[in-house]
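# Fold and geometry: a report
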Amino acid sequence: MNLLVGLGAWTLDQLRGWGHAALFFAEMLRAVPASLRRFSLVVAQIYAIGNRSLVIIMASGLAVGFVLALQMYYALSIYGAAESLGLIVNLSLVRELGPVVSALLFAGRAGTSLTAEIGLMKAGEQISAMELMAVDPKARVLAPRLIGGIVALPLLAALFSAVGIMGAWVVAVKLIGVDAGNFWSIMQTQVDVWRDVGNGMIKAFVFGVICTVVALYQGYETQATPEGVAYATTRTVVISSLWILGMDFILTALMFSTP
Amino acid sequence: MNKRKTEALVGLFVLLGLGALAFLALQAANLGSMTGGATYTVQARFDNIGGLKVRAAVRAAGVTVGRVQSITLDPQTFQGLVTMDIESDFQFPKDTAAKILTSGLLGDQYVGFSPGGDDANLANGDTLAQTQSAVVLENLIGQFLTGRADDAGAAAPAPSPAPAPATSPAPATPEGLK
């Protein structure tokens, strides 16, 4: 009997949580037009979320490009297909690693800072103060951050892939001595703008929504204590990462299951 | 930090991101090689299209002159109906032959044009009369094995005739391969 009660309570809890998150998302979307009218708030958030993630994203992209080129060269040279190195690096970056790794880094770099910021605002009762002054905190605080995150992540993912391909070019062409003409021309004939680059950007956009909404929701719903903020920050990283990986599989299955 | 500086830095960030996107599209994908110019379509029927895919190249003498636009099955003849977009800059005689070829040993398949000698050129919507299907490895191996069995039979007449394996009609005759 106790088990039954426990199961029921757990289910209701989960449902309540989902409904709450969905309502939160809907209210935030409704506040987007209002915050677009005060565009300087959005610009400040793109700076905080996008510009300040540049270093980690570009450094990781470069490292991933370097390592992919080295590892792929090792495997491809066995079959005498070292020229296809550029193609493999390009497809893996543009389709998968670019969006997914940037989103994971983004959740760690920008998501946590959003959660901690909103959580501390809540703990300091700044959000309640805004409500008292009849300022909608969703339009003033949350919606600009949502737009900032959604704008920033696709751009960061594109940068990650581009820097990665250049890193692979440095290793393959400059260090190993793969033919530069083949390196680029095989890419140009085999990589499709819409199927590969376009779908990668759609992925990055979806991940941008996921990362930002999870971070803002966790911050907004945090317990107004130091432990609460710490807990919410951790949950942001864990939940966004799991969502990104899960959604990536679903999106890949939808986009690339037919050749 | 003042507002103008923030705005300038955000502008730089957006520019950088769009630049990366342009690099991916133009240098690392096929947008740069896509021609926005006028094209005309021609069709060809093949007994077997092998592994030909939509957007595969159409080449004449190795030069890409167009792309495969669509591949369907002709319901009357049960042949693969391949529709190709050819760039208007390239004109071919009416009796041009189309072959499905493979780049390299394991590369992707493309349509190769061998121009004929006709005075009139292909027009939009024309159908190529002469085609040669893709080489299917299984059929080739089948032919090779039958050929070997026949040779053995001719050299030393066996008491019972060598059973000829029933092969499906091969689309590519050995003569066509030479």
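Structure: above.
The text that follows walks through the structure, step by step, so that each part is easy to find. Sequence order sets the numbering: in each chain, residues are counted from 1 along the sequence as written. Chains and ligands are labelled sequentially in the order written, the chains with letters from A and the ligands with numbers from 1. In keeping with the model being predicted, local features are shown solely for residues with a pLDDT of at least 70 and side-chain atom pairs are shown and tallied solely at 80 or more, while totals for entire chains, interfaces and linings include all residues.

Moving on, we come to the overall build of chain A. Helix and strand definitions here come from DSSP, where helices need a minimum of 4 consecutive H or I residues and strands a minimum of 2 consecutive E residues; each element is numbered from the N-terminal end. Secondary structure assignment for chain A yields 9 helices and 0 strands. Residues are called buried when their C-beta atom has 20 or more other C-beta atoms within 10 Å, exposed when it has 12 or fewer, and partly exposed otherwise; all C-beta atoms are positioned from the backbone. Counting across all 259 residues of chain A, residues that qualify as buried make up 44%. For every residue pair, C-beta atoms are placed from the backbone, and the pair is scored as a contact if these atoms sit within 7 Å. Taking all contacts inside chain A whose residues are at least 6 apart in sequence as the whole, residues at least 24 apart take part in 87%.

The next subject is the interface of chain A and chain B. Across the boundary between the two partners, chain A contributes 26 residues, which contact 21 residues of chain B. Within the residue set of the side of chain A that touches chain B, elements represented by two or more residues are helix 2 (39–49), helix 4 (85–123), helix 6 (137–176), helix 7 (180–190) and helix 8 (193–220) of chain A. Examining the composition of the side of chain A that touches chain B, we find that 7 residues originate from one element, helix 6 of chain A, more than from any other. Taken together, the residues of the side of chain A that touches chain B sort by class into 17 nonpolar, 7 polar and 2 charged. Polar here means any residue outside two lists: the nonpolar Ala, Val, Leu, Ile, Met, Phe, Trp, Tyr, Cys and Pro, and the charged Asp, Glu, Lys and Arg; Gly therefore counts as polar.

Counting 82 residues, the largest nonpolar core has L85(A), A103(A) and L153(A) as its most contacted members. Of all the secondary-structure elements, those providing two or more residues to this core are helix 1 (2–37), helix 2, helix 3 (54–78), helix 4, helix 6, helix 7 and helix 8 of chain A together with helix 1 (3–26) of chain B. Remark: nonpolar core denotes a set of buried Ala, Val, Leu, Ile, Met, Phe, Trp, Tyr and Cys residues whose joining runs through C-beta atoms within 7 Å. Counting 22 residues, the second largest nonpolar core, distinct from the first, contains V65(B), V68(B), F92(B) and A134(B).

All names here are of chain B. Any two strands are treated as partners once DSSP identifies two or more bridges connecting them. What the 8 strands build is an open sheet, ordered 7-1-4-3-2-6-5-8; its pairing is mixed. A single partner strand is all that each edge strand has here, and the edge strands are strand 7 (126–128) and strand 8 (131–132). As paired strands, strand 2 (residues 57–60) and strand 6 (residues 109–114) are joined by 3 bridges and run parallel to one another. Following the sheet pairing, R59 is matched in strand 6 by G112.

A positive phi angle is found at E125(A), which is not glycine, with a value near 60°. For E125(A), the location among the structural elements is in the loop between helix 4 and helix 5 (126–132). Residue class for E125(A) comes out exposed when judged on the 12 C-beta atoms lying within 10 Å of it. Located in the positive-phi region is F78(B), a residue other than glycine, with phi close to 55°. Considering the arrangement of structural elements, one finds F78(B) in the loop between strand 3 (63–73) and strand 4 (80–87). The class for F78(B) is exposed, based on 9 C-beta atoms found within 10 Å.

Residues and elements named next belong to chain A. With respect to the helices and strands, L62 occurs in helix 3. It is 27 Å that separates the C-alpha atoms of L62 and V43, two residues lying 19 residues apart in sequence. If we ignore the near neighbours within four places in the chain, the residues touching L62 are V163, G164 and G167.

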